[in-house]
Amino acid sequence: MLTIEQLHAGYGQSQVLHGVTLAMAPGEIVALLGRNGAGRSTLAKAVMGLLPAQGRIEWRGHSILGKKTFEVARLGLGYVPESRDVFPDLTVAQNLLLGHKSRAGPGRWSLAQVYRLFPQLAARAAVRAGVLSGGEQQMLTLCRTLIGEPELVIIDEPTEGLAPQLVEAVAGLMRLLKTQGTSVLLIEQKLTMALDVADRCAVMGHGRIVFDGTPAALRQDSALRQEWLQV
Ligand SMILES: Nc1ncnc2c1ncn2[C@@H]1O[C@H](COP(=O)(O)OP(=O)(O)O)[C@@H](O)[C@H]1O
Ligand SMILES: [Mg+2]
């Protein structure tokens, strides 16, 4: 459903992606791993139309290369950036409602469901988002994107800086998304969690995909992990 081929992108003169090729099937959870600076966030930004790129990006058979971010989002691609970009002066509930897209029929994600999943957001529904902790803001950004009901969601390091209990909540959320048939491109640093929830994993190094295979294959390949993942 998402096909990336020979993608090149970067920032001005500095080229970061050197021909990335990666494909995702419907309902698949793919973990995108790599050391800091490998180019994972750059790939996410290129797919979402936040950076100019050359190559091929197709979403359900149609090119989305060169489309604006809001157009890409409207086609069903959700994006949770590394930065926790909540609207600080709006309440938690207002932030969540901003994620809604008008469409007919009952959705997969209601406010009530989000609150059931993350009781800490329910408890703070009427609180200004700006006063939430970093972890809570991360949850809020994630839930706001899910309320827009993307068919594929790119999530950039959702567990960074989260307490272990919240990491488990995020892992549970990934599994729930899978049962709903939502595809996830999960950019992660936490190898154990990523391998646990992913159907497939891709490893990036120096702006290229250096491994694409099953979590089991990556678990067995200690040389690969040492070369591309461990610090
Ligand atoms: N806004 C930016 N301007 C210039 N260079 C950037 C910018 N963001 C990231 N980079 C560079 O791009 C490379 C890849 O970064 P990034 O995609 O963030 O890696 P990752 O997400 O895998 O840690 C790094 O060398 C980083 O310094
Ligand atoms: Mg990053």
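Only a predicted model underlies this, so the values are computations on that prediction, with no experimental measurement involved.

1. A short note on the site of ligand 1
The environment of ligand 1 is formed by Tyr11, Val16, Arg35, Asn36, Gly37, Ala38, Gly39, Arg40, Ser41 and Thr42. Within the backbone of alanine 38, a nitrogen or oxygen atom sits 3.3 Å from an oxygen atom of ligand 1. Within the backbone of glycine 39, a nitrogen or oxygen atom sits 3.0 Å from an oxygen atom of ligand 1. Protein contacts shield 59% of the accessible area of ligand 1, which totals 560 Å² for the unbound molecule. Sort the elements by how many residues they give to the shell around ligand 1 and helix α1 (residues 40–47) lands first, with three residues. In terms of residue class, the shell around ligand 1 is made up of three nonpolar, five polar and two charged.

2. Here's the deal with the sheet that holds strand β8 (residues 183–187)
Here six strands make up an open sheet; going across it, the order is β6-β7-β8-β3-β9-β10 and the pairing mixed. In this open sheet, the two strands that pair with only one neighbour each are β6 (77–80) and β10 (208–213). Taken over all neighbouring pairs, the strand axes of this sheet differ in orientation by 15° on average, direction set aside. Sheet topology places strand β9 (residues 200–205) next to β10; five bridges connect them, and they run antiparallel. From the neighbouring strand, alanine 202 faces β10, where its bridge partner is aspartate 212. Of the strands in this sheet, β3 (29–34), β6, β7 (152–156), β8 and β9 touch α1, which is tilted by about 135° from β3. On top of the sheet, helix α6 (residues 134–147) reaches β6 and β7; it is set at about 175° to β6, its chief contact.

Cut-offs used in this document
- Residues numbered from 1 in each chain as written.
- Chains lettered and ligands numbered in written order.
- Predicted model: local features only at pLDDT ≥ 70, side-chain atom pairs only at ≥ 80, totals over all residues.
- Heavy atoms only, no water.
- Near = heavy atom within 4 Å.
- Polar contact = N/O pair within 3.5 Å; in protein donor to acceptor, adjacent residues only side chain to side chain.
- Areas by Shrake-Rupley, 256 points an atom, 1.4 Å probe, with all protein chains shown as cover.
- Helix = DSSP H or I, 4+ residues; strand = E, 2+ residues; numbered from the N terminus.
- Nonpolar A, V, L, I, M, F, W, Y, C, P; charged D, E, K, R; others polar.
- Pairing = 2+ DSSP bridges.
- Axes fitted to C-alpha atoms, helices over the stretch in contact; angles between N-to-C directions.
- Contact = heavy atoms within 4.5 Å.

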